[in-house]
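Geometric and topological summary
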Amino acid sequence: MKLRKILSVCTSLVLLLVICSKAGRAYAASNVIDFEDGKVPEGIFMATLEDGSPDGDPSILSVVDYNGSKMLKIDTQENGTPKVKFDMPTLVGADAFTKVRTIEYDIIIEQPSGDVAGWNGGTVGATPTGASGWTNGTEWTIEEYNNSATAVKTLKHTLTDDLAFTDSSKAFFMFMNWANNGTDIYLDNIKFYDADGNLVPLAGAVADTATAEATAETATTPKTGVESYAVLYLIGSALMASGIVATKKHKNEK
Ligand SMILES: [Ca+2]
Ligand SMILES: [Ca+2]
């Protein structure tokens, strides 16, 4: 009898676990551009000049399988500076773009010729002033003189208070690589944070977030799937241990 009870409790725990991990995944996906749908989001595109011609290298953007995930590939075509724009009103919505202060992303750089990746670097600019937006930027550098591809690196660029976005027509981050050596750039897990370091949800993700929160509340579990898993695992282990003790006791009594 006791064993059957323990089994039914364990089954309930597994069910709870499945619910929690699903809720956790939906919540995470709504705040991160992870490219897993295979599409280049509408708010990410190559910079152009006023006449519509490329501003810098006419690189081609696509989503590809790389390093075990789907990533945004910036495929340089000539030897100019690739300039990729992240348009904040499109990505987080017209009501939320003024909150955004920080962009964060994972980056890998590869020299497709097989030669070493060498020096790559540039600026991530944002602009309330100036057409090309690089004057207000934060510089980045990645060097690799042994391999053709660099290790994954997470880069983060934060605007100072006086450069916060105000005008929706000029509210963008612009990623640039000044290296003109034909390297391809791969980006993934793009996130935006407000001045207090909170993730700013992506546009169109509000409904997903609400659903995930509701599910999490119904299940009365901690916020993240990982935490839930740890707690349930501990409870499960404790129950199983007590089950073993009970079975042993029963045998002894016999
Ligand atoms: Ca990805
Ligand atoms: Ca290329």
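Residues numbered from 1 in each chain as written. Chains lettered and ligands numbered in written order. Predicted model: local features only at pLDDT ≥ 70, side-chain atom pairs only at ≥ 80, totals over all residues.

**Quick look at the overall build of the protein chain**
Helix and strand counts for the protein chain stand at four helices and ten strands. The order of α-helices and β-strands along the protein chain, N terminus first, is α-β-β-β-β-α-β-β-β-β-β-β-α-α. Classification of the 254 residues of the protein chain by burial places 29% in the buried group. (Helix = DSSP H or I, 4+ residues; strand = E, 2+ residues; numbered from the N terminus. Buried ≥ 20, exposed ≤ 12 C-beta atoms within 10 Å, placed from the backbone.)

**Thoughts on unusual backbone geometry**
Phi is positive for Asn67, close to 55°, though the residue is something other than glycine. Judged by the 13 C-beta atoms lying within 10 Å of it, Asn67 is partly exposed. The residue Asn189 is not glycine, and still its phi comes out positive at about 50°. Summarising the element assignment, Asn189 is placed in strand E10 (residues 184–194).

**A look at the nonpolar core**
In this structure, Met88, Val92, Met174 and Leu187 are the most contacted members of the largest nonpolar core, which totals 36 residues. Elements with a contribution of two residues or more to this core: strand E3 (69–75), strand E4 (83–87), helix H2 (88–92), strand E5 (100–110), strand E9 (172–176) and E10. If one sorts the elements of this core by residue count, E5 sits on top with six residues. Those residues in contact with Leu187 that sit more than four places away from it in its chain are Met71, Leu72, Tyr105, Asp106 and Ile107. (Core = buried A, V, L, I, M, F, W, Y, C linked by C-beta atoms within 7 Å. Contact = placed C-beta atoms within 7 Å.)

**Details of the pairing of E10**
Looking at chain direction, E3 and E10 are connected through three bridges and run antiparallel. Pairing of Lys73 across the sheet is with Tyr186, part of E10. Relative to E10, E5 runs antiparallel, the two being bridged by nine bridges. Residue Asp106 lies in a different strand from E10, and its bridge partner there is Asp188. (Pairing = 2+ DSSP bridges.)

**Focus: the sheet that holds E3**
Strands sit in the order E2-E3-E10-E5-E8 across an open sheet of five strands; the sheet is antiparallel. Of all the strands in the sheet, just strand E2 (60–66) and strand E8 (153–158) have a single pairing partner and so form its edges. Between one strand axis and the next, the sheet turns by 35° as a mean value, whatever way the strands run. (Axes fitted to C-alpha atoms, helices over the stretch in contact; angles between N-to-C directions.)

**Section: the confidence of the model for the protein chain**
On average, the protein chain scores 77 in pLDDT, and the residues at 70 or more come to 64%. At the level of individual helices and strands, the protein chain shows its lowest average pLDDT in helix H3 (residues 206–218), which scores 47, and its highest in E2, which scores 98. Counted against residues more than four places away or in other chains, residues 13–29, with its pLDDT under 50, gives 27 contacts. A low-confidence stretch, residues 206–232 stays under pLDDT 50, and its non-local contacts, those more than four residues away or across chains, total 34 contacts. (pLDDT = per-residue confidence, 0-100.)

**A short note on the environment of Ser62**
When you line up the elements, Ser62 lands in strand E2. With 13 C-beta atoms packed within 10 Å, Ser62 lands in the partly exposed category. Those residues in contact with Ser62 that lie beyond four places of it in its chain are Val40, Lys73 and Asp75.

**A short note on the pairing of E4**
Of all five residues in E4, five are buried; the element is thus mostly enclosed. Burial of E4 is two-sided: the residues Lys83, Lys85 and Asp87 facing one way and the residues Val84 and Phe86 facing the other way are all buried. As paired strands, strand E1 (residues 44–46) and E4 are joined by three bridges and run antiparallel to one another. In the sheet register, Ile44 faces E4, and the bridge partner there is Phe86. With five bridges joining them, E4 and E9 adopt antiparallel strand pairing. Paired with Val84 across the two strands is Phe175, which belongs to E9.

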